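# Tertiary structure, described
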Number of protein chains: 2
Amino acid sequence: MVKTILVNRQWIVWIMLVFFQYGCSKTIDNSMILSFGTEISDDATPDVLAQILNSNQNISKIKFEKGIYHFYPDKGLEEYCHISNHCDVMVSTAFPIKNFKNLTIDGQGSTFIFHGIMVPFLVQASHNITVKNLSIDWYNPFHSEGLIVARDEKNRTFDMQISEAYPYEIRNHQLYFVKEYYEHNIGQSILYDPQRSAIAFNTEAYTNLTTIKKAETSRYLSNIKYKYDFDFRAPEYKKLGKEDRLFVEEIKKGLVRVHNHGKLLPQVGLILTMKGEQGFNRVAPAFRVTTTDGFNAQNVNVHHAGGMGIIAENSANLTLDNFNITPSKGRMVSTTADATHFVGCRGKVILRNCTFNNQLDDAANIHGTYQIVEDVLDEYRIGVRMGHHQQKGFVIGVPSDTIGLVRLSDSFDPYDQLTVKDIQYLNGRYQIITFHQKLPQGIQKGDLIENLSAYPEVWVQNCNIANNRARGLLISTPKKTIIEDNYFSTEMEAILIPVESSHWYESGSASNVLIQNNTFQDCQHSGYKRGVIRLDTDDDNTNLAFRNIEISNNIFNQFDNMIVQIANVDGFKFIGNTISNSGTFPQLFPDAPAFTVDVSKNVVFENNTYGGKAKQLIVTDESSGDIEFK
Amino acid sequence: MVKTILVNRQWIVWIMLVFFQYGCSKTIDNSMILSFGTEISDDATPDVLAQILNSNQNISKIKFEKGIYHFYPDKGLEEYCHISNHCDVMVSTAFPIKNFKNLTIDGQGSTFIFHGIMVPFLVQASHNITVKNLSIDWYNPFHSEGLIVARDEKNRTFDMQISEAYPYEIRNHQLYFVKEYYEHNIGQSILYDPQRSAIAFNTEAYTNLTTIKKAETSRYLSNIKYKYDFDFRAPEYKKLGKEDRLFVEEIKKGLVRVHNHGKLLPQVGLILTMKGEQGFNRVAPAFRVTTTDGFNAQNVNVHHAGGMGIIAENSANLTLDNFNITPSKGRMVSTTADATHFVGCRGKVILRNCTFNNQLDDAANIHGTYQIVEDVLDEYRIGVRMGHHQQKGFVIGVPSDTIGLVRLSDSFDPYDQLTVKDIQYLNGRYQIITFHQKLPQGIQKGDLIENLSAYPEVWVQNCNIANNRARGLLISTPKKTIIEDNYFSTEMEAILIPVESSHWYESGSASNVLIQNNTFQDCQHSGYKRGVIRLDTDDDNTNLAFRNIEISNNIFNQFDNMIVQIANVDGFKFIGNTISNSGTFPQLFPDAPAFTVDVSKNVVFENNTYGGKAKQLIVTDESSGDIEFK
């Protein structure tokens, strides 16, 4: 049976065409074709949603006639979501792709424009989902931009020109940008250079704007006793003990003067991008994929999102091919957080032929989750606590997964392994895990757990990663990782491989990493004294965290000295790379070496070409011994 | 089988005693007895919750050994709740009473002390639930109190002494009270007279404090287009166009000076109670009961809640007997919102032998819900929109319920009735209702719907309603209502019977109301020129809204003139009542009449005794004609 549901212009008319039907081996192709006008007065949400909800998950294709479709939240399906590395938020969607199998959504070149706090694609508990041939944008962005037009060193002020694209209010000398269904204050900010459409050189000396200072008066707060650990970084505690430091005044319509900034005053001609306070400003990622095996995005452009381009959690086998994060409408910023982010994913994560430009956080961040042992309940059960507020609601695994018990002061590797029998979700911060095996004697409150079954193999190939805030690739997986044929020009590290425990509780080490045939162009240009590639741990100890890392046949064309920094590595090869000085920017750290090596062993440099300006190529600590650059 | 689960002091030990077992006619008495120490270091939540979750709804009693039990949210069961007339909020509970039948929770005289944003009892989809013999309080209240110690007419400031019970911060000259897991600013405020432990006389001249004014600058906001109606009163839009007007400074530790108040300066010796901004300050009612048939609370004291004492929605047959709302620890305030509130309830609502004192809103508010016809989708289906943000998520009925279609400009009575087939919940503001019958031709966007099957009979008997902000009883049901043998001393109306449509969207008229043998003592003392009892409609028209109202054999001992105001009534009897002047306060409106009658008919006054001071007893409009007081 081939069934085609065709809604053509007149969006109530449904025509069902039954062409032919045959026996047990019949091919089912339930193809739904939706078509809407291109007028802004239309709202595609109710009809797309109705047809998806009415499909009973029994469709294989949703096709859109090429056009511009507007999606409003007012009649969307709402769901309260704990989204990893985002806010906990009530979102609206027209695409609740829940419990679907083998579904392709084909935009056929359409543009989907979203309004307000929506998640365009909410994919959950599904298998083999493909989204292709479409572009995603927001009518009003979740960030705002202002052109620096004047600076007054004497009075320590600078002036911003704000266009009509960014409606604003000033309330008690504070600046608020007002959007459809949303508003934000200055909050997190960074400078863009419109000439390069990239993060401004040395922006760390100028931004973030120093919006916050210590509050003038706090009384009797010590009378408040918390029975359990709590997270002062969480939004509900964020204002404690703090108050606004900056204040603004409107000089004339669209021209706002900013007073009391504590860093260097931004240069005239740069664009200040602002996205509101951390903890409140990630409310609408373009794709959210959870507990799904098989997700593919092909030929998809994400021009904006109030959060990440894609956040995938507890999913497997995800491929993004020609998945492009690029700004639209002359904006400096594309997505306001990472281009892509994968938490607790397994199988393969493949990023191929993608452009990740101008987003306000990493191009890709791939890691697991540490959870904190809060209490040992009996011989088989522990209570665990989520360490970071943006991990609230995250369930670390499924029955039969192997959980590692970790005490980072002793080792980055687990001291024991257990198999999950059951996880009881009680609240966003606290869950109870039952294991098949008895708990080890030594387990104690404060130990961490990680899911050893939930790390992916990673392959990043032929991607353009540039002009964004923060890192390029932030990768923490002990599985095989290949990073090849990419172009990087990032304001922080191009590639950061961490063991991170104390802030974000993002788990994972690295083994068998191959970084080859990439070009690194003027990375780390925002002012940090760090390498273009770094392997580093939060914890200051001599335990080994990383194994078998190879960086070969890459081009590093850098304005400054630092190329690679490693720590806690066993087995590092740096082979056949070419290093040159680009001269693009003045050097910030002319005395820095090209390489630093700490608490590492089996480190080899071979067949490299150095044309940079470092006076000392490699600095090693005592334990790593002398290493020769070849 | 009688099964007793006994956890005695040592709260891990479970002893199961099986006494006897017999055949099909066996009596099942699954009795769970919990016991905890009285130390604050204990947290009763994990164990109470575990035993309730593990019970599989197969218990008939939960008993608590008499003691003081502390409940913390950290290990509670979390649920995101749209709670009617409260905020939309993630709450934690140790008592998820969901899908239980014939369950009694007996505190045996215990006190339960809650910490943070918890709902002590979350009762849902259950039958015949009884909670008895316990007291509820919060360790940190959701409101704060300050003693007025000075006023300076010249500089227009007043000073507040804030005790250590109310930790605070001053941030950018704004006052914030910090609690466990919560904070609030001044927001809604009202004066209490500590001599009377009641709302201060004429407080409307002094409070609310004038916290807000128009923002100084708004630019380009007209560029923001909303496709659909939206609610500017909702929390997400609340700050638009506004800024703080008041500012404060700390004179010395615990002494805070308030500047720029726009009403009269509060008098020295009174206590200012503050609970934060409307729309953000109702997060933790003591009881939430939804879709439950049969709920009884007996011998229950609620000393505080960050919201209502009880909010019941879509439930039937609720009896509160000796259910008392009273403040503790010398606080002026008990619950920060209504003592009791019933929305869309049916069967009988009985309030008997209760004390409703010192809460910051009505003693009881009983009504249905109007929802707005947003769109007519086909012959059988409409989309409806919730008019008020505190109705988000409210589902108006169940299949087979009779829905009235209302156009208030034509009549307070429905112009047609339809039967619910199905309600599709899409989001907090929007649902799709399918009816068994075809929609009437004339139905149009903007019409209202109400559920005619979801109004209760009401009986309020022998209650003490006093010292609270706002009204005593606010009752909107066309079913039989008896209000007898109560004592009222409220700062606004003792009894308000409204048809209310344009602000709160609380539906319901009134028929067959008997108000007898009550005492009304100095009601309406906060400054409004209104009757002690009022029947009134929002809509300025001559349609009849109320029928067969009798007020008989009551005592009105009032400091001021106005006793009863009625409008839109057909059939009103005022018989055998005794009215005197108490002399408690100076008269605020000495020229006001005792009674006003507008657009009403069949109005009778008989056998009353008037000992008040009004120069004119009854003022009527033209349509109601002359009415004689007898």
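Given the structure is predicted, the values throughout are model-derived calculations rather than measurements. (Residues numbered from 1 in each chain as written. Chains lettered and ligands numbered in written order. Predicted model: local features only at pLDDT ≥ 70, side-chain atom pairs only at ≥ 80, totals over all residues. Heavy atoms only, no water.)

## Points about the overall build of chain A
Counting its regular elements, chain A contains one helix and 57 strands. Since a compact globule built from 630 residues should have a radius of gyration of about 25 Å, the 25 Å found for chain A is in line with a globular shape. The dimensions of chain A, computed from C-alpha atoms along their principal axes, are 75 × 70 × 60 Å. Taken over 630 residues, chain A has a buried fraction of 61%. A fraction of 73% describes how many contacts in chain A between residues 6 or more apart in sequence connect residues 24 or more apart. Charge centroids of chain A, computed over 59 positive and 70 negative side chains, lie 2 Å from each other. (Helix = DSSP H or I, 4+ residues; strand = E, 2+ residues; numbered from the N terminus. Rg over C-alpha atoms; globule rule 2.2 N^0.38 Å. Buried < 20%, exposed > 50% of the residue type's maximum accessible area, 1.4 Å probe, protein only. Contact = heavy atoms within 4.5 Å. Lys, Arg positive; Asp, Glu negative; His and termini not counted. Charge placed at Lys NZ, Arg CZ, Asp CG, Glu CD.)

## Observations regarding the interface of chain A and chain B
The figure often quoted for interface size is the accessible area lost as the parts come together. Across the boundary between the two partners, chain A contributes 65 residues, which contact 65 residues of chain B. Overall, the association of chain A and chain B removes approximately 5,600 Å² of surface from exposure, summing both partners, and the carbon and sulfur fraction of that is 53%. Here A:Asp375 and B:Lys75 are joined by a salt bridge, their closest N and O atoms 2.3 Å apart. In this assembly, chain A and chain B are joined by 30 residue pairs in polar contact (both at pLDDT 80 or more). Among the secondary structure elements, those contributing two or more residues to the side of chain A that touches chain B are α1 (45-54), β6 (77-82), β14 (168-171), β15 (174-179), β20 (217-219), β21 (242-244), β33 (371-376) and β36 (416-427) of chain A. (Buried area = accessible area lost by both parts, 1.4 Å probe. Salt bridge = Lys/Arg side-chain N within 4 Å of Asp/Glu carboxyl O. Polar contact = N/O pair within 3.5 Å; in protein donor to acceptor, adjacent residues only side chain to side chain.)

## Side note on the packing of aromatic side chains
Taken as a whole and assessed by the stated rule, the structure comprises 79 aromatic pairs over all chains. Centroid distance A:Tyr181 to B:Tyr226: 5.6 Å. Interplanar angle 80 degrees. Geometry classified as edge-to-face. Taken together, the residues A:Tyr181 in the loop between β15 and β16 (182-185) and B:Tyr226 in the loop between β20 (217-219) and β21 (242-244) connect one chain to another. Classification of A:Tyr181 as buried rests on a relative accessible area of 13%. With 4.6 Å between their ring centres and 10 degrees between their planes, A:Phe201 and A:Phe585 make a pair best called stacked. (Phe/Tyr/Trp six-rings, centres within 6.5 Å; stacked < 30°, edge-to-face > 60°.)

## Quick word on the relation of the copies chain A and chain B
For these two chains of identical sequence, chain A goes onto chain B by a turn of 180 degrees and a shift of 0.0 Å along the axis, with RMSD 0.1 Å. One copy is carried onto the other by what is essentially a two-fold rotation axis. Nearest to the rotation axis, the C-alpha of A:Tyr80 is located 3.7 Å from it, this being the minimum over chain A. Counting the interface residues of chain A, we find that 100% of their copies in chain B are interface residues as well, pointing to one common contact surface. (Least-squares fit on C-alpha atoms with pLDDT ≥ 70 in both.)

## Brief notes about the domain arrangement of chain A
All names here are of chain A. The domain architecture assigned to chain A consists of domain 1 (2-141 + 282-361), domain 2 (144-274) and domain 3 (369-451). Across the boundary between the two partners, domain 1 contributes 13 residues, which contact 13 residues of domain 3. Regarding the contact of domain 1 and domain 3, the summed buried area is about 810 Å², with carbon and sulfur atoms giving 42% of it. For domain 1, the biggest contributors to the area lost against domain 3 are His82, Asn314 and Arg346; these three give 47% of the whole. A salt bridge links arginine 346 to aspartate 401; its shortest N-O distance comes to 2.8 Å. Where domain 1 meets domain 3, there are three residue pairs in polar contact (both at pLDDT 80 or more). (Domains from an automatic or database assignment.)

## What to know about helix α1 (residues 45-54) of chain B
Turning to α1(B), its buried residues are B:Thr45, B:Asp47, B:Val48, B:Leu49, B:Gln51 and B:Ile52. Within two residues after α1(B), B:Asn56 carries a phi angle of roughly 50 degrees, on the positive side.

## Observations regarding the pattern of salt bridges
Evaluation of the coordinates by the stated rule reveals 64 salt bridges over all chains. For the salt bridge of B:Arg171 with B:Glu183, the shortest nitrogen-to-oxygen distance reads 2.8 Å. With B:Arg171 in strand β14 (residues 168-171) and B:Glu183 in strand β16 (residues 182-185), the pair connects residues that are 12 residues apart, well separated along the chain. One network of salt bridges, with partners in common, ties together A:Arg282, A:Asp338, A:Asp361 and A:Arg469.

## Structural notes on the sheet that holds strand β15 (residues 174-179) of chain B
Two modes of strand pairing occur in sheets, parallel and antiparallel, and in both the strands are linked by backbone hydrogen bonds. Here we have four strands laid out as an open sheet, ordered β20(A)-β14(B)-β15(B)-β16(B), and antiparallel in their pairing. Bordering the open sheet on either side are β20 of chain A together with β16 of chain B, each of which pairs with just one other strand. Looking at each pair of strands side by side, their axes are set apart by 20 degrees on average, direction ignored. In this sheet, β15(B) lies alongside β14(B) in antiparallel orientation, the contact comprising four bridges. (Pairing = 2+ DSSP bridges. Axes fitted to C-alpha atoms, helices over the stretch in contact; angles between N-to-C directions.)

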